[in-house]
Amino acid sequence: MTGQAHTGRPSKLLRNLSSKIASIPMMLTAVVIFLGGTVWTVIYSFTNSKLLPRAKFVGFDQYERLWSAPRWIVSIENLAIYGIFTLIFSLVVGFLLAALMDQKIRFENTFRTIFLYPFALSFIVTGLVWQWILNPEFGVQSVVRSLGWTSFTFDPLYNSDIVIYGVLIAGLWQGTGLVMCLLLAGLRGIDEDIWKAARVDGIPMWKTYLFIVIPMMRPVFITTLVIIASGIVKVYDLVVAQTSGGPGISSEVPAKYVYDYMFQAQNLGQGFAASTMMLLTVAIIIIPWAYLEFGGRKRG
Amino acid sequence: MKIRSMAAILAATVVLPFAAANATDLEVTHWWTSGGEAAAVAELAKAFDATGNKWVDGAIAGSGGTARPIMVSRITGGDPMAATQFNHGRQAEELVEAGLMRDLTDVATKENWKEIIKPASLLDSCTIDGKIYCAPVNIHSWQWLWLSNAAFEKAGVAVPKNWDEFVAASPALEKAGIVPLAVGGQPWQAAGAFDVLMVAIAGKDNFYKVFKDKDEEVAAGADIAKVFKAADDARRMSKGTNVQDWNQATNMVITGKAGGQIMGDWAQGEFALAGQVAGKDYTCLPGLGVNEIISTGGDAFYFPLLKDEEKSKAQEVLASTLLAPATQVAFNLKKGSLPVRGDVDLAAANDCMKKGLDILAKGNVIEGTDQLLSADSQKQKEDLFSEFFANASMTPEDAQKRFVDIIASAE
């Protein structure tokens, strides 16, 4: 290696050779484990693998069964409801909290800690805590009833129609603090002079936020969006801890379908088909966005 | 060169712990973790330790649904335990077909398992292509209705003697603020209750036609429609249960908050633990008091194929220990289940267990659904019935249509 460096100009490939060598393990991991594993899963989703993978291809059978399974349809609907509301509420509430924090209030550190604290808990703990809070015999309902409103009913986890909102409350409680912190960091990155200029021009504060500050925070918002979105797609442990999919199948989510069919039902093919559908959904959202985001930058 | 020596070192680190450990330590995995279950496992461990070997307990908490994936991935991942529990039936079928499980035919012929294991269907479930791959240890039956005598007294009606009387008594129970039928939220409980209703209402022949022959026409027929009608009653009666685990539901019966529960004979351990007496505090109706037939599912031990010869020998010792008469009695009394051999004396059994033994002796037995259906079909059934029991707007007719689809696609 050193001999080469003395004899002539190092080729482009050999520049920063040591750092390239250092990154080989990670590249291999990415290619073999992530990409390889993904491709393998997609291929085997066209087989009738049961407990062990078998290369016996059955075409789209697994997918036909998947889309005719009521439980899968319920899972997709739940993910859509959970996803849309989580996105909206965690961004809106998170930004409002961040903006309030940014008003040079007293004890900011204390508040920040309090709001971020739920994020330090795992989804399992969050789920169990909210299972108790929303339990009609021990939680909110019994507290309100003991105050005198005896007809008060609030049992989202035991009502099929609204159970997913019970899960949503817990998810928001856990995740909003992080969104607030990320956006607060973004707000702090805005130059003081911009605020001063806006004030000189007589622009009201809400307009400054909406039309100047938020557009400037675009990169922070994108990071936040990616973090929230990945959290939505993989939601699993929260549901397991809080409702285990119940009552009946009304709070099932796709990730749980994948696990249950791969391991409990010993039907790998069906689980692979479901996880491929999850991948496809993510790809449909990510690819156009990545194209706009990164493709556009090269041109500009 | 270097890579080869590295590989040797790596291999050595893997092999060493096995070589260094005393060759007759056997790790046994199972999911028996509740109070009564743990006491029963201790009996097995005691018996095996007495042979000069050592039982290394590998209990996995959470029910079979949690434990089985862990066991399977250890076996397929090349880190097999020495022995593991499964429900006998089709759960380990593919592991056997893949050649990962040990053939026990030698031990079985030497100890004459074919003669001593009753009913014979237990050993049949362990047999694949004429070879025996597991040692059954107990019989658990699903077909029991447990009733709280105190609840019926409070409601002012007589304790029912069969399912129809129970349904008729349910309005009185509801009026007294008692949930007539406790059904926990875990999916397998709803699916299991349906199977029980199937045997009791449609009878043994229809049960076999649907689950063994996978006959779609019978599944869509009028007899099974009656079963769905009964499941509809059960759904109405179970409204307000609001608990998840089966033992919490059993606890509702014990405390008189619920009138009854359809649950397997493992519920008996909970009544015993609460100090209740069969016949006085609670009543048990095998076959829901309609059709006194019990299923013979249960637990069995499978032995993964090991390279270590010493351990393989110890596996044989363990297999014969599990079926020894003394072990069978000690284990099953603690577990509340029935022994797999007909020639042991269970004088200490309580009334409900004796009823079960009687039915067993008469030969009124059927195979369990775990033995007849694949795990995949069982899971689909669980999805269907957990939805049915939670969703009052789903009609019995719709549920039956979906049930027919599951049976049609079952292998």
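Criteria and thresholds
Residues numbered from 1 in each chain as written. Chains lettered and ligands numbered in written order. Predicted model: local features only at pLDDT ≥ 70, side-chain atom pairs only at ≥ 80, totals over all residues. Heavy atoms only, no water. UniProt positions renumbered as here; feature names shortened; annotations may be inferred. Helix = DSSP H or I, 4+ residues; strand = E, 2+ residues; numbered from the N terminus. Rg over C-alpha atoms; globule rule 2.2 N^0.38 Å. Contact = heavy atoms within 4.5 Å. Areas by Shrake-Rupley, 256 points an atom, 1.4 Å probe, with all protein chains shown as cover. Disulfide = S-S within 2.5 Å. Buried < 20%, exposed > 50% of the residue type's maximum accessible area, 1.4 Å probe, protein only. Pairing = 2+ DSSP bridges. Axes fitted to C-alpha atoms, helices over the stretch in contact; angles between N-to-C directions. Left-handed = near helix turned anticlockwise from the far one by under 90°. Nonpolar A, V, L, I, M, F, W, Y, C, P; charged D, E, K, R; others polar. Expected span 1.5 Å × (residues − 1). Bend = angle between axes of the 7 residues up to and from the residue. Salt bridge = Lys/Arg side-chain N within 4 Å of Asp/Glu carboxyl O. Phe/Tyr/Trp six-rings, centres within 6.5 Å; stacked < 30°, edge-to-face > 60°. Lys NZ or Arg CZ within 6 Å of the ring centre and 35° of its normal.

- Chain B has the name Probable sugar-binding periplasmic protein in an unreviewed UniProt entry, where Shinella curvata is given as its organism.
- Listed in UniProt under the heading Sequence similarities (unreviewed entry), the comment for chain B reads: "Belongs to the bacterial solute-binding protein 1 family."
- What UniProt records for chain B under Subcellular location (unreviewed entry) is the sentence "Periplasm".

- Looking at an unreviewed UniProt entry, one finds chain A named Sugar ABC transporter permease and attributed to Shinella curvata.
- UniProt annotates chain A under Sequence similarities (unreviewed entry) with the comment "Belongs to the binding-protein-dependent transport system permease family."
- The record held by UniProt for chain A lists under Subcellular location (unreviewed entry) the comment "Cell membrane".

## Some words on the overall build of chain A
Part 1 of the reasoning: Scanning chain A from N- to C-terminus turns up 14 helices and 0 strands.
Part 2 of the reasoning: Shown N-terminal to C-terminal, the secondary structure of chain A runs as helices and strands in the order α-α-α-α-α-α-α-α-α-α-α-α-α-α.
Part 3 of the reasoning: Here chain A has a C-alpha radius of gyration of 25 Å; the compact-globule value for 300 residues is 19 Å, and the former is much larger.
Part 4 of the reasoning: The principal-axis extents of the C-alpha atoms in chain A amount to approximately 90 × 70 × 30 Å.
Part 5 of the reasoning: Sequence-distant contacts in chain A: of pairs separated by 6 or more residues, those separated by 24 or more amount to 66%.
Part 6 of the reasoning: On chain A, roughly 17,500 Å² of surface is accessible, and the fraction owed to carbon and sulfur atoms is 71%.

## With respect to the state of the cysteines
Disulfide: a covalent bond connecting the sulfur atoms of a pair of cysteines.
Residues and elements named next belong to chain B.
Part 1 of the reasoning: Evaluated as defined, the whole model comprises 2 disulfides over all chains.
Part 2 of the reasoning: Each sulfur of the disulfide joining Cys126 and Cys134 lies 1.8 Å from the other. Its S-S torsion of about -85 degrees marks the bond between Cys126 and Cys134 as left-handed, since a negative value means left-handed. Each member of the pair Cys126 and Cys134 is classed as buried.

## Brief notes about the pairing of strand β7 (residues 144-148) of chain B
All names here are of chain B.
Part 1 of the reasoning: Along β7, 5 of the 5 residues are buried, which leaves the element largely enclosed by surrounding structure.
Part 2 of the reasoning: Relative to strand β10 (residues 282-286), β7 runs antiparallel, the two being bridged by 5 bridges. When the bridges of β10 are listed, Trp146 appears paired with Cys284.
Part 3 of the reasoning: With 3 bridges joining them, β7 and strand β9 (residues 258-262) adopt antiparallel strand pairing. When the sheet's bridge partners are listed, Trp146 is paired in β9 with Gln261.

## Side note on the UniProt feature "domain: ABC transmembrane type-1" (unreviewed entry) in chain A
Part 1 of the reasoning: Per the UniProt annotation, the sites labelled "domain: ABC transmembrane type-1" (unreviewed entry) are residues 76-291 of chain A.
Part 2 of the reasoning: From the first C-alpha to the last, residues 76-291 of chain A spans 26 Å; its make-up is 73% helix and 0% strand.

## A word on the packing of helix α4 (residues 70-101) of chain A against helix α11 (residues 218-233) of chain A
Residue and element names in this part refer to chain A.
Part 1 of the reasoning: Axis separation between α4 and α11 bottoms out at 10 Å; the angle between their running directions is 145 degrees. Crossing hand, α4 versus α11: right-handed. On α11, the residues touching Leu79, Tyr82, Gly83, Thr86, Leu87, Ser90, Leu91 and Phe95 of α4 are Phe221, Thr224, Leu225, Ile228, Ile232 and Val233.
Part 2 of the reasoning: Partitioning the contact of α4 with α11 into residue classes produces 10 nonpolar, 4 polar and no charged.

## Structural notes on helix α2 (residues 17-44) of chain A
Part 1 of the reasoning: Given a rise of 1.5 Å per residue, 28 residues ought to cover 40 Å, and the 38 Å separating the end C-alpha atoms of α2 of chain A matches this to within 8%.
Part 2 of the reasoning: The largest bend along α2 of chain A reaches roughly 40 degrees and is located at Ile24 of chain A, with the proline Pro25 of chain A sitting one to four residues downstream.

## A word on the pattern of salt bridges
Residue and element names in this part refer to chain B.
Part 1 of the reasoning: Counting across every chain of the model gives 26 salt bridges over all chains.
Part 2 of the reasoning: Two residues, Glu43 and Lys46, come together in a salt bridge whose shortest N-O distance is 3.7 Å. With Glu43 and Lys46 both in helix α2 (residues 35-49) and 3 residues apart, this pair spans about one turn of that helix.
Part 3 of the reasoning: Residue Glu43 is classed as buried on the basis of its relative accessible area, which comes to 14%.
Part 4 of the reasoning: Asp232 is the salt-bridge partner of Arg235, the closest N and O atoms lying 2.9 Å from each other.

## Digging into the sheet that holds β9 of chain B
All names here are of chain B.
Part 1 of the reasoning: Strand order in this open sheet of 4 strands is β8-β9-β7-β10, and the pairing throughout is mixed. Either end of the sheet is taken by a strand with one partner, and the two such strands are β8 (179-181) and β10. With direction set aside, neighbouring strand axes in the sheet form an average angle of 20 degrees.
Part 2 of the reasoning: Where β8 meets β9, 2 bridges bridge the pair, whose relative direction is parallel. By the bridge assignment, Val179 is partnered in β9 with Ala258.
Part 3 of the reasoning: Along the sheet, helix α13 (residues 246-254) contacts β7, β8 and β9; its crossing angle with β9, the most-contacted strand, is approximately 140 degrees.

## Things to note about the packing of aromatic side chains
All names here are of chain B.
Part 1 of the reasoning: Under the criterion given, the structure shown has 40 aromatic pairs over all chains.
Part 2 of the reasoning: Consider the rings of Phe86 and Tyr302, whose centres lie 5.6 Å apart with planes at 85 degrees: the pair is edge-to-face. One end of the pair, Phe86, is in strand β3 (residues 83-87); the other, Tyr302, is in strand β12 (residues 299-302), with 216 residues separating them in the sequence. Of the two residues examined, Phe86 and Tyr302, each falls in the buried class.
Part 3 of the reasoning: Taken together, the ring pairs in this structure connect Phe194, Phe207, Tyr208, Phe211, Phe228, Phe385 and Phe403 into an aromatic cluster.
Part 4 of the reasoning: The ring centre of Tyr208 lies 5.1 Å from the NZ or CZ of Lys212, which sits over that ring.
Part 5 of the reasoning: The ring of Phe388 has Arg235 sitting right over it, with the charged end atom 4.0 Å from the ring centre.

## A few points about the UniProt feature "transmembrane region" (unreviewed entry) in chain A
Residues and elements named next belong to chain A.
Part 1 of the reasoning: Per the UniProt record, "transmembrane region" (unreviewed entry) is annotated on residues 21-43, 79-101, 113-133, 162-187, 208-233 and 272-292.
Part 2 of the reasoning: Secondary structure content for residues 162-187 is 96% helix and 0% strand, and the end C-alpha separation is 36 Å.
Part 3 of the reasoning: From the first C-alpha to the last, residues 272-292 spans 30 Å; its make-up is 100% helix and 0% strand.

## Here we look at the sheet that holds β12 of chain B
All names here are of chain B.
Part 1 of the reasoning: One open sheet holds the 5 strands; their spatial order is β2-β1-β3-β12-β6, and the pairing between them is mixed. Every other strand in the sheet has two partners, leaving β2 (54-59) and β6 (134-136) as the edge strands with one partner each. In this sheet, neighbouring strand axes are inclined to one another by 30 degrees on average, regardless of whether the strands run parallel or antiparallel.
Part 2 of the reasoning: In terms of strand pairing, strand β1 (residues 25-30) meets β2 through 6 bridges, oriented parallel. In the sheet register, Leu26 faces β2, and the bridge partner there is Trp55.
Part 3 of the reasoning: Most of the contacts of helix α3 (residues 64-76) go to β3, to which it runs at about 135 degrees, and overall it touches β1 and β3.
Part 4 of the reasoning: Strand contacts of helix α15 (residues 309-323): β1, β2, β3, β6 and β12, with the helix running at about 55 degrees to β1, the strand carrying the most contacts.

## Side note on the pairing of β12 of chain B
Within a regular strand, the side chains alternate between the two sheet faces.
Residue and element names in this part refer to chain B.
Part 1 of the reasoning: Along β12, one buried face is formed by Asp299 and Phe301 and the opposite face, lined by Ala300 and Tyr302, is buried too.
Part 2 of the reasoning: Judged from the 4 bridges that link them, β3 and β12 form a sheet pairing that is antiparallel. The partner of Thr84 across the bridge, within β12, is Tyr302.
Part 3 of the reasoning: Across 3 bridges, β6 lies against β12 in antiparallel orientation. What sits directly across from Cys134, in β12, is Tyr302.

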